[in-house]
Amino acid sequence: MKKSLKVMALTMLTASLLVTGCGKTTTTQTPPVEESKSAGVVNLYTSRHYESDRQLYDAFTEQTGIVVNVVEGKGDELLERLKTEADQTEADLFLTADAGNMHVASEAGLFQPVNNDVIFANIPDKYRADNNEWFGIAKRARVIVYAKDRVNPADLSTYEALTEPQWKGKVVARTSTNMYNMSLLASFIEVKGEQASLDWAKGLVANFARDPKGNDRDQAKAIVAGEADVTIMNTYYIGAMLNSKDTEEVKVAESVGIFFPNQDTTGTHVNISGIGVTKHAKNVENATKFIEFLSSEQAQQQFASTNHEYPVNPKVEPSDYIKSWGTFKEQNIDLSALGKNQQQAIKLFDQAGWK
């Protein structure tokens, strides 16, 4: 079969799976551009859906001739799809947010190790799996966000302090089923132990202004609307809102402040977007080149400048905008702990009554 026909076959297969095999999956596919006659393809399943990512895929194709076929969807749905497809999958790579998701995929046997000196040089040990089955390509901090007109940042200190009486009825949060919250609590289990983590979750629930709902952006909007004074959310959402075409989101981002908690203790929680080569990848060499590219200085600068994420490559500095938030001490844990402690975090959230 000629390569162009292979690409067409892949497109038809993907469309078929979207209709018949994924239930409520909202997966979409970016149509493949014309395939190089010599370099082949790499097939990517990703839960990231940023225009800046698509620009990077095009840049990779331009530099290498390797066409990037993209299937977008929710991380948990794509993970289940990989399990279902098994050795019949067309996916060479799985890219998603959260180290917990990456660890779960690794434990399910969905990845294969990659031993590549370029990648090792670009991505420090702390942002990749011990077995080299997944690699962080960008990072974000989960910080305290507060109303500038009602909160003195001098009154903020730690995640734990948000459970104190002064914040009664002044905290909003996402639900306990949100992966970012699960990983935050999983990190606390790693650092503080189960009982202290349960106490924290119970204390925060007691201070909720309303039942958990919405995404990270909705928490910031709730603060500006006066429903609460503080929340916990990822840094890059503030950057995305400040640069949004929606003027209301810009006003919200301008009305809240970012505070890096636990600077005198355990550090601010940091998570990653990660990528791994699938166990049954048909284009391993191209997949490895793709990870080399995403961890390169060129791609890392784009993650920082257009998506407001922190680079993992130590040769690349954060954008000037990210620098304006200030420097901070990161929580120092093995990110695999976010997956290892995930089920215990779910149990503790349930015990705490965090809906």
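Taking an unreviewed UniProt entry as the reference, the protein is identified by name as Fe(3+) ABC transporter substrate-binding protein belonging to Desulfuribacillus stibiiarsenatis. The UniProt entry for the protein carries this comment under Sequence similarities (unreviewed entry): "Belongs to the bacterial solute-binding protein 1 family."

> Would you mind going over the overall build of the protein with me for this structure?
Counting secondary structure elements, the protein contains 15 helices and 9 strands. Counting over 355 residues, the protein shows a buried share of 57%. Considering only residue pairs separated by 6 or more positions, the protein has 79% of its internal contacts joining residues 24 or more positions apart. By element, 49% of the accessible surface of the protein is carried by carbon and sulfur atoms, the whole surface being about 15300 Å².

> Help me understand helix α6 (residues 179-192), please; the structure alone is not making it clear to me.
Spacing of three or four residues puts side chains on the same side of an α-helix, whose turn is 3.6 residues. Here α6 is 14 residues long and its end C-alpha atoms lie 19 Å apart, about the 20 Å a rise of 1.5 Å per residue gives. One side-chain oxygen at the N-terminal end of α6 lies 3.1 Å from the backbone nitrogen of Y180; it belongs to N178. Within two residues after α6, G193 carries a phi angle of roughly 95 degrees, on the positive side.

> What is the right way to look at unusual backbone geometry in this model?
Phi is mostly negative for residues that are not glycine, and the peptide bonds are mostly trans. Positive phi outside glycine occurs at N132, with the angle close to 60 degrees. Residue classification places N132 among the buried positions, given a relative accessible area of 11%. Positive phi, normally seen in glycine, also occurs at N262, with a value near 60 degrees.

> Sorry, what's going on with the packing of helix α8 (residues 216-224) against helix α9 (residues 235-242) here?
Helices that pack against each other are described as a pair by the angle of their axes relative to one another and the distance between those axes. At a minimum axis separation of 9 Å, α8 and α9 run at an interaxial angle of 70 degrees. By the angle between their directions, the pair α8 and α9 is classed as roughly perpendicular. In this structure, α8 contributes D216, R217, A220 and K221 to the contact, and α9 contributes Y237, A240 and M241. Here the residues of the contact of α8 with α9 sort into 4 nonpolar, no polar and 3 charged.

> What should I look at first to understand the confidence of the model for the protein in this one?
Keep in mind that low pLDDT regions are not for reading the predicted coordinates in detail. Averaged over every residue, the pLDDT of the protein is 90; the share at 70 or more is 89%. Taken as a whole, residues 1-37 scores under 50 in pLDDT and shows 54 contacts with residues more than four places along the chain or in a different chain.

> Sorry, what's going on with the pattern of salt bridges here?
Pairing between side chains of opposite charge can happen when the charged atoms of each approach one another. What the rule picks out here adds up to 22 salt bridges. When the shortest N-O distance is used, the salt bridge between D53 and R48 registers 2.7 Å. The burial state of D53 is the same as that of R48; both residues are buried. For D125, the salt bridge is made with R128, and the minimal N-O distance between the two is 2.6 Å. For R128, a relative accessible area of 11% gives the class buried.

> Looking at this model, I keep getting lost on helix α3 (residues 75-85). Mind explaining?
Those residues of α3 not exposed but buried are G75, L78, L79, R81, L82 and E85. Down the axis of α3, the smallest arc covering the buried residues is 160 degrees, so these residues share one side. Facing away from the buried surface of α3 by more than 90 degrees, the exposed residues are D76 and T84. A86 lies just past α3 and shows a positive phi near 50 degrees.

> Before we go on, may I ask you to explain the UniProt feature "binding site: Fe cation" (unreviewed entry) in the protein in this structure?
According to UniProt, the positions carrying the feature "binding site: Fe cation" (unreviewed entry) are H49, Y236 and Y237. In three dimensions, the annotated residues from a span of 189 residues occupy one location, with a maximal C-alpha spread of 14.1 Å. Its place among the elements puts Y236 in helix α9. The residues touching Y236, leaving out its near neighbours within four places in the chain, are Y50, R140, Y180, N307, H308, E309 and W325. Here Y237 takes part through its side chain, which lies 3.2 Å from a polar atom of the side chain of Y236. Leaving out residues up to four positions away in the same chain, Y237 has contacts with R174, Y180, D216 and R217.

> Got a minute to help me understand the packing of helix α7 (residues 194-206) against helix α15 (residues 342-352) in this structure?
The geometry of α7 relative to α15 is characterised by a closest axis approach of 9 Å and an angle of 45 degrees between their N-to-C directions. It follows from the interaxial angle that α7 and α15 lie oblique. Both α7 and α15 take part in a crossing whose hand is right-handed. In this structure, α7 uses E194, S197, L198, A201, K202 and V205 to contact α15, whose residues at the interface are Q344, L348, Q351 and A352.

Calculation notes
- Residues numbered from 1 in each chain as written.
- Predicted model: local features only at pLDDT ≥ 70, side-chain atom pairs only at ≥ 80, totals over all residues.
- Heavy atoms only, no water.
- UniProt positions renumbered as here; feature names shortened; annotations may be inferred.
- Helix = DSSP H or I, 4+ residues; strand = E, 2+ residues; numbered from the N terminus.
- Buried < 20%, exposed > 50% of the residue type's maximum accessible area, 1.4 Å probe, protein only.
- Contact = heavy atoms within 4.5 Å.
- Areas by Shrake-Rupley, 256 points an atom, 1.4 Å probe, with all protein chains shown as cover.
- Expected span 1.5 Å × (residues − 1).
- Polar contact = N/O pair within 3.5 Å; in protein donor to acceptor, adjacent residues only side chain to side chain.
- Axes fitted to C-alpha atoms, helices over the stretch in contact; angles between N-to-C directions.
- Parallel < 35°, antiparallel > 145°, perpendicular 65-115°, else oblique.
- Nonpolar A, V, L, I, M, F, W, Y, C, P; charged D, E, K, R; others polar.
- pLDDT = per-residue confidence, 0-100.
- Salt bridge = Lys/Arg side-chain N within 4 Å of Asp/Glu carboxyl O.
- Arc of directions from axis to C-beta.
- Left-handed = near helix turned anticlockwise from the far one by under 90°.

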